[in-house]
Every structure is written in structure tokens, then in C-alpha cells.
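Summary of structural features
Chain by chain, the residues:
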There are 2 protein chains.
Amino acid sequence: MRFYIYVIDYVNMSRTTIHDIAKELNTTAATVSRALNDHPSISAATKQSVREAAQKLNYQQNRVASSLRLGRTNVLGVVIPSADISFFGSVIHGIEKVAKAHGYNVILFQTNEQYEDEVQGIKTLLQSNVDGIIASISKETTNYDHFREVKDRNIPLILFDRAIDSLGVSTVVIDDYKGAFMATEHLISQDYTRIAHISGPPHIQIFHDRLRGYVDALAAHHIKVDEDLITYGKVSIDSGRSCAEQLLQLPNRPDAIFAVEDFTALGALQAIKESPWHRPGEIGLVGFANEAFSAYITPSLTTIDQQTAHMGEEAAKIFMELRQNTTVTETAPQKVVLEPLLIARQSSTRPKPKKKSLKASTIVP
Amino acid sequence: MRFYIYVIDYVNMSRTTIHDIAKELNTTAATVSRALNDHPSISAATKQSVREAAQKLNYQQNRVASSLRLGRTNVLGVVIPSADISFFGSVIHGIEKVAKAHGYNVILFQTNEQYEDEVQGIKTLLQSNVDGIIASISKETTNYDHFREVKDRNIPLILFDRAIDSLGVSTVVIDDYKGAFMATEHLISQDYTRIAHISGPPHIQIFHDRLRGYVDALAAHHIKVDEDLITYGKVSIDSGRSCAEQLLQLPNRPDAIFAVEDFTALGALQAIKESPWHRPGEIGLVGFANEAFSAYITPSLTTIDQQTAHMGEEAAKIFMELRQNTTVTETAPQKVVLEPLLIARQSSTRPKPKKKSLKASTIVP
DNA sequence: CTGAAAGCGCTTACAG
DNA sequence: CTGAAAGCGCTTACAG
């Protein structure tokens, strides 16, 4: 009887290269490379045998070597404040999806809303020779030289959501004005007439745009804007709650609230539920952002969807177009403005009038 | 008067290399390289002048070239089902944070729970010469050869959350058994006695562990396990709802449900709210995962927090240790088990007995 | 249809 | 303390 013992020395086992394949087939690395890249001047027979040998030797292309030679990496750099914020997680999802479909990988860099980290991130990505960068600017950033550097190096740059027009690069944003207009108009269509707005810090562009959309929607429907019904919160659950409490205590209280974003709306909802007008839709409520929780709270929250994954996809698609352009053609930057989507749910649905305590009858026995 | 016109030809402007710096200073690329890498045998004066020239010429190291030469990339590959799931977004956040602190970049690859995509992702990362891979296995995956390939190539592999012991690689998981035990014990402490469990596909380790924790907690408190009260769902809202509906129709119905994760719990909650036992806590409910929505639904959901960002950080830290090890030392795989945290909320809080319709009195006038 | 050779930009053992 | 040379693994213009 015999024992066969196979010892594989991983330590000294270096990875298969095209030279190993060439040696195996008594040909050259050039031929192997061409065969693997399906070069037209290589015979079918050669391609076949090269592929078989590659398989047999478990060959994997070394993309680092390929990148160095080709001068491109097939890597897309993404710079965002944090992957831990669902909005950005969703955008990354869209970016990576499109990137993968085009043979690109995604390097992720988080800034944590810090300017220094953002500068560092851009620098690292440039060193890594990424073929393009998609970014959402940190809240703290006021100097944009690092983004100009990207532009100067002729590397496609696309900004999403938090974009700066003055940089002259392509951008993907959602139409906040229109989203707010739709939200307000929706409440009007539900026969709400005294519609309040809980806004955010007015110096932030998107909040300002939403306020404008609210005001214009009222005007479009000949509803007078009542300054008393506009409050400025701090974009949080607690702030939404206290703003709503104030609004509901007004002598001439609102019959609906449009909140600047979903967390504010959530706080407002708490205040509404604790008020005498706590039945779903009795005081209409619309948020903005379609956060993960908004479909699941009670009542479910009507809100504006920002098409977050779509935003990422669009940004990646713009990159795919930009990379085609030879550097000679200076094309004008693209500006994609996504359509907001109204997601109508219970929080803005008027309760059926007349019939009282319908509730019990809806219960499945 | 004179006009100075600076014309910079970006098209033909190729990036500065160490050779450009060397030419500028009448020295060689070798010296420049050593100076930039702070090699001890280079004089302080030379280092100084090289750094100045590098700055002046706006030099950025080409990491691709460096990687090819050094045989390592300082890139960590991360393979997850989807960045759009808050759990994974949070884990990536933790991974990237630690990676960055050690000079590593993160390449992200999403599998969308598809086996084929997972295989492709691993292959791409290997081709990209990542220095290590952190992954969470797709639900669909039952063949693990692609992970063995990573191991065989001697590339550090760390699995998190959805890990497989048989692969013999380092893992970071939360103690699912203990979390389920805590969840069940919590229900028992709230005087629930007929506690049902909606599990997930039993071949998935974490779901199996949670089932065990549930069973053992009952046993520890001398409550007989009733097979009728254990159902196997598909880990979704709809599945949770229909499983709960079934459970509630049993002749001897449960008075509490421990759901295998929060979406299942959410569906179960819908079923409970439509049942005759719809008052908060009347039928106790606990989920698992502390999803974004769980704090905000009504009633708020008691659940088990998995310390997601911490999980990512731990995985990245293990990598940082593994990479130190020379390939000669075959160290045993590490197994980090994180402590689950019980987050007690309304869904498992017993309604006050005796007093009826207390509700109205809690409303602030 | 295939091969020999050069080169992408870096790092480092070897020599001085 | 610095330089000349080789090489990481690939791709491709050029030659045959």
C-alpha cells in the first residue's frame, strides 16, 4: 500500500503570467496576450489553445500591469460624505451597478463631511489613476481647488446632489423646487387649504428651493401665502415636532403641513398624533426624501422620492459618455435634473367624511 | 501695456513623473524615488530639493506603477450584496474608515445576492491584485470555490455576518445565538409565555443560530417548545405578514412573536395590527437588526442591534493584522464575535392591565 | 498569422 | 550618499 502526499507550496507559488502560458505552448507572450484579448490577427486554433492553457494554469490577468501599460485603470472613484447615510448608500449602489456593467470597478472614499478628508480623497484617487471621479461635496467645503485639479488633469468629474455650478463640471441633481411644488399641489388637490411649511436653514440651497416651490404652488392655486404658517426648523425629528406643535397652537391653525424632509415630517407626525386632530389625514402631512422608514410608519408618510439609485446611475452614465470623448473635444458639461416623484400615502389622505368609527369594521375577524 | 497670455495645453500635458523631477534637478529617478520615500541613505539636502521640485511640478505618485513594482496595491476589496441595504452601508462605512487610517483604499463590489455576480466580483478583485478581501456571502451562494481560490492565492480573506466556518478563514459575526436568546428572554421577562418564532431559510447559518437561541431561551425558562409556533419565512415583509397571519389563526395562538429580522417583524406587525389583538404589546413582538425604520414605526419595534459599523471596523482590523504576517506563518483564523444589544421599545411592552381606554387621557389638551 | 523589442513609472539590489 | 540597470506583467507598433 502506498500513500500519495501532495504538498503544495503556496509560499513560493507565484501567480501565473502570460509568459507561463507562452512557455507551456511554445509560443510568445505577445501571442498569448493577443489571443486572450481576442485580437483579429490571431488564428482561431491559437486562441483556442491559449484559452485552454490559461484555464488549465488558472491564469488571471494582472490588471495592474495592464493599467500601467494602457494608461487607464477601469476604476471609477467615488467621494461621498458617508456610506452610512442611506441616501449615499443608495447612490453608490446605482453607481456601482452601471460601472460594473461597463467593466469598471469603484473605489470608495468617505469624507465624513470634512474638508481635509475630501482633499485627501481626491489626491489618493488621482494617485490611483482612476479614470473618473463622481463626488458629492462635503458640507464643510468652501474651497474647490481640489476639484479644479481633477478638471485640470482632464479627468472626468461628475458632481451629484451637492453640486457647484461655478466649477463648470457635469452634475446630477434632483429638482427640489419642483418636488416641493408637487408636494404642495398634492395637498391642495386633497382639499387642504391652510398648508404650513416647516423649512430648514435658509442658507442651504436645496431647502431654499423647496421653500420657493411651496410658495409658488400656493400662488399658482390662488392661495395666499401666510407667513405665520412658515417656520424654520433644524432638520431633525425633535425640531419637526416642536415646529408642528407651534403651528397647531396657532389660533388659525393649518390643516396640512409640508415638511422639508422626512425626519422633520416624522417629528411633525408625532405632534399631530398627540393633538386632537390625530386621525390619519385629518391634518395632511407630506415629507421629502422617501427615507427608509417613511413607508412603514403609521400613518405611512406621503413624500417625494429623490430617485437616489437613479441619481447614481445617471452620474455613472455621464462618466461613460465623457470617457468616450477624446480630450480634444471640449464638450460642455452636462446637467441632469431628475424628476422628483410624489409617493402618495396615508398621511395626506383625507379621512372619509360622515361615517364615524369605520375602524372596527375593517378588522379581519 | 502688455498682455501676458498663459496657454496651457492640457491635451498634450502628460503627468509629471519622477524622471521629470530628476531632469529638473540633474539627478536620477532612483534618487528621486528614494528621496520621496524618505530612504535613510539620502541626504537631507537632496530630500529637501526633491520635495520642492515635486511640489513645483505638481507631482503625484503613480500608484499603479508602484503597485506593479511592489507586488501590492494597498487596496482592500469589499464584496457585499448591496450598498443600498443600510446594514451593508454601515459596515462599509466602518471598513473604509479603518482602511483609510492605514493608507488603504476600498474597492466595492455588489453581488445583488447573485452567486454569479459574487464569483465575478472575486475574480475581478483578484485581477486587480487587491491585498485582501472582506466579504459577506450572497444568500444564493452554496458553492464556495471562489472563496477557496482567494485562500489558495494566499490573499487575506475575512468574512462578516454571513460567514462559513468550513472555509477556515477569519470571520466577524455578531453572536446571533445570544441575540436571539436575549430577544426571547426579554419577551419572557415581559410575561409572554407562548412565544412563536418566524425563522428564515434554515440552511443559512445566522438564521439557524437565532432559532437555536430562541429554543434554548425557552428551555432555560422551562417553557416547552411548541413546533407549531415555529414557522420558516422568506425574510421579507410579505413573508413576515403571512407567517404571522398563520400563527395568529392557530387554535392555541401565540401571545408573542420573535421575528428573525426586522422586515419580517414589520410584516408580522401589520398582521398583528389587523388582528383582534392589535393593541401595542398585546401580542409581544421583537425583531432583529435595528433597521433604520424600527425606531419610528408604531408601535416602535423592540429589536437587537448588531453594531454594524463596528463589524466593519473589526473586519478591517483583522486584515491589518493578517497582512503583517509573513506568508510562512500559518496563523489560525480569527473569529470575532460581537455582542448583540437589546433595544427595548414599545412592541414588546405589555399594555397596562385592568384600566381600559387609557388612551384619551394621554393626549395633551 | 506570429515574434522580438520597447516601454508604461516605479523600486531596489548591486556597485561605486 | 548616488547612479546604472533590471524588472514587475502587460500591450502593441513594427517587422517578417
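Residues numbered from 1 in each chain as written. Chains lettered and ligands numbered in written order. Predicted model: local features only at pLDDT ≥ 70, side-chain atom pairs only at ≥ 80, totals over all residues. Heavy atoms only, no water.

Chain A is annotated in an unreviewed UniProt entry as LacI family transcriptional regulator from Rufibacter quisquiliarum.

1. Let's talk about the overall build of chain A
Keep this limit in mind: Going along the chain from the N terminus, every DSSP run of H or I of four or more residues is numbered as a helix, and every run of E of two or more is numbered as a strand. When a residue's accessible area, from a 1.4 Å probe over protein chains only, is under 20% of the maximum for its type it is buried; when over 50% it is exposed; and in between it is partly exposed. Residues scored as charged are limited to Lys and Arg (positive) and Asp and Glu (negative), so that His and the chain ends carry no count. Lys charges are placed at NZ, Arg charges at CZ, Asp charges at CG and Glu charges at CD.
From N to C terminus, chain A includes 12 helices and 12 strands. Along the longest, intermediate and shortest principal axes, the C-alpha atoms of chain A span 90 × 65 × 35 Å. Classification of the 365 residues of chain A by burial places 49% in the buried group. Taken together, the 38 basic and 41 acidic charged side chains of chain A have centroids lying 6 Å from each other.

2. Re the protein's contact with DNA strand D
For clarity, the threshold we go by: Nearness is defined per residue: one heavy atom within 4 Å of the molecule or strand is enough. Polar contact criterion, stated in full: a pair of N or O atoms within 3.5 Å, where within protein one must be able to donate a hydrogen and the other to accept it, and residues adjacent in sequence count only if both atoms are side-chain atoms. Think of it as three bins: nonpolar holds Ala, Val, Leu, Ile, Met, Phe, Trp, Tyr, Cys and Pro, charged holds Asp, Glu, Lys and Arg, and polar takes everything else, Gly as well.
As a matter of local geometry, DNA strand D sits amid 25 residues, with Arg34(A), Tyr59(A), Arg69(A), Thr31(B) and Arg34(B) nearest to it. Each atom of DNA strand D within 4 Å of the protein was classed as base or backbone; sugar and phosphate made up 63%. Backbone polar atom of Ser43(B) to a phosphate oxygen of DNA strand D: 3.3 Å apart, as the coordinates give it. Between DNA strand D and Arg69(B) there is a distance of 3.4 Å, counted from a base oxygen to a backbone nitrogen or oxygen. Counting only elements with at least two residues in the surface near DNA strand D, the list comes to helix H1 (18-25), helix H2 (29-36) and helix H4 (63-70) of chain A together with helix H2 (29-36) and helix H4 (63-70) of chain B. For the surface near DNA strand D, the leading source of residues is H4(A), giving four residues. The residue inventory of the surface near DNA strand D, partitioned by class, reads eight nonpolar, 13 polar and four charged.

3. Quick notes on the environment of Ala196(A)
All names here are of chain A. Note the following rule: It only takes one pair of heavy atoms within 4.5 Å for two residues to be counted as in contact.
By the element assignment, Ala-196 lies in strand S6 (residues 195-199). Looking at Ala-196, the relative accessible area reads 0%, which means it is buried. C-alpha separation for the pair Ala-196 and Ile-92, spaced 104 residues apart in sequence, amounts to 34 Å. With residues near it in sequence (within four places) discarded, Ala-196 still touches Tyr-214, Leu-229, Leu-247, Pro-254, Ala-256, Ile-257 and Phe-258.

4. A look at the domain arrangement of chain A
Formally: Segment limits for the domains were obtained from an automatic or database-derived domain assignment.
On domain assignment, one finds that chain A holds domain 1 (18-61), domain 2 (73-175 + 309-338) and domain 3 (176-305 + 343-354). Centre-to-centre, using C-alpha coordinates, domain 2 of chain A lies 32 Å away from domain 3 of chain A.

5. Looking at the interface of chain B and chain A
Basically, it comes down to this: Two strands qualify as a pair provided DSSP detects at least 2 bridges between them.
Listed as interface residues are 59 residues of chain B and, on the opposing side, 57 residues of chain A. Summed over the shared surface of chain B and chain A, the number is 28 residue pairs in polar contact (both at pLDDT 80 or more). For the side of chain B that touches chain A, the secondary structure elements donating two or more residues are H4, helix H5 (86-101), strand S2 (105-110), helix H6 (115-127), helix H7 (145-152) and helix H11 (262-273) of chain B. It is H5(B) that contributes the most residues to the side of chain B that touches chain A, seven residues altogether. Across the side of chain B that touches chain A, the residue classes break down as 24 nonpolar, 22 polar and 13 charged. Across three bridges, strand S2 (residues 105-110) of chain A lies against S2(B) in antiparallel orientation. Within S2(B), the position partnered with Leu108(A) by the bridge is Val106(B).

6. Topic: the packing of H2(A) against helix H3 (residues 44-56) of chain A
Residue and element names in this part refer to chain A. The criterion, for reference: Think of each axis as a best-fit line through the C-alpha atoms, taken over the contacting stretch in the case of a helix, with angles from 0 to 180 degrees between the N-to-C directions. These descriptions rest on fixed angle ranges, namely under 35 degrees for roughly parallel, over 145 for roughly antiparallel, 65 to 115 for roughly perpendicular, and the rest for oblique.
Running from N to C, H2 and H3 cross one another at 95°; their axes reach a closest spacing of 9 Å. Regarding the angle of H2 to H3, the classification is roughly perpendicular. Taken together, the residues of H3 that come into contact with H2 (itself represented by Thr-31, Val-32, Ala-35 and Leu-36) are Thr-46, Lys-47, Val-50, Arg-51 and Ala-54.

7. A closer look at the packing of helix H1 (residues 18-25) of chain B against helix H3 (residues 44-56) of chain B
Residues and elements named next belong to chain B. For clarity, the threshold we go by: By convention, the crossing between two helices is left-handed when the near helix turns anticlockwise from the far helix through less than a right angle, and right-handed when the turn is clockwise.
Put simply, H1 and H3 touch, their axes get as near as 10 Å, and they point 120° apart. Remark: the crossing between H1 and H3 carries right-handed chirality. Here Ile-21, Glu-24 and Leu-25 of H1 lie close against H3, whose contacting residues are Ser-49, Val-50, Ala-53, Ala-54 and Lys-56. Per-class residue counts for the contact of H1 with H3 are five nonpolar, one polar and two charged.

8. Side note on the side chain of Asp255(B)
All names here are of chain B. The residue Asp-255 is located in the loop between helix H10 (237-248) and strand S8 (256-259) in this model. Side-chain polar atoms of Asp-255 contact the backbone nitrogen of Thr-193, separated by 3.0 Å. Excluding residues that lie within four positions of it along the chain, Asp-255 makes contacts with Asp-191, Tyr-192, Thr-193, Arg-194, Ile-195, Glu-282, Ile-283, Gly-284 and Arg-350.

9. What about the relation of the copies chain B and chain A?
Each copy of the chain is related to the other by a rotation around an axis and a translation along that axis. Put simply, the test is: Each copy is superposed on the other by least squares, with the fit set by C-alpha atoms of residues at a pLDDT of at least 70 in both.
Once chain B is rotated about the relating axis by 179° and shifted along it by 0.9 Å, it coincides with chain A to within an RMSD of 1.7 Å. The symmetry that links the two subunits is that of a two-fold axis. Comparing interface residues between copies, 97% of those in chain B also lie at the interface in chain A; the contact surface is shared.

10. Digging into unusual backbone geometry
Across the chain, the bulk of peptide bonds are trans and the bulk of non-glycine residues have phi less than zero. Here the bond from Thr298(A) into Pro299(A) is cis, since omega is -10°, no more than 30 degrees from zero. Locating Pro299(A) in the fold gives a position in the loop between strand S9 (284-286) and strand S10 (303-305). Positive phi, normally seen in glycine, also occurs at Asn129(A), with a value near 55°. Tracing the chain through its elements places Asn129(A) in the loop between helix H6 (115-127) and strand S3 (132-135). The phi torsion at Ala289(B) lies on the positive side, around 130°, for a residue other than glycine. Here Ala289(B) falls in the buried class, since its relative accessible area comes to 13%.

11. With respect to the sheet that holds strand S7 (residues 230-232) of chain B
Residue and element names in this part refer to chain B. Pairing is parallel across the open sheet formed by four strands, whose spatial order is S7-S6-S8-S9. At either margin of the open sheet sits one strand with a lone partner, and together these are S7 and strand S9 (284-286). Here the strands of the sheet are splayed against their neighbours by 15° on average, with no regard to which way each runs. By the bridge criterion, three bridges tie S8 to S9 in an arrangement that is parallel. Bridge pairing in S9 places Ile-257 opposite Leu-285. Taken strand by strand, helix H8 (residues 176-189) contacts strand S6 (195-199), S8 and S9, and its axis lies near 165° from that of S8. Packing against the sheet, helix H9 (residues 205-220) makes contact with S6, S7 and S8, and its axis sits at approximately 170° to S6.

12. Quick look at the protein's contact with DNA strand C
Around DNA strand C sit 25 residues, and of these Thr27(A), Arg34(A), Arg34(B), Tyr59(B) and Arg69(B) come closest. Counting only the atoms of DNA strand C that lie within 4 Å of the protein, the sugar and phosphate share comes to 63%. Within the side chain of Thr31(A), a nitrogen or oxygen atom sits 2.5 Å from a phosphate oxygen of DNA strand C. The contact in question runs from a base oxygen of DNA strand C to an N or O atom on the backbone of Arg69(A), over 3.4 Å. Elements represented by at least two residues in the surface near DNA strand C include exactly H2 and H4 of chain A together with H1, H2 and H4 of chain B. No other element matches H4(B), which puts four residues into the surface near DNA strand C.

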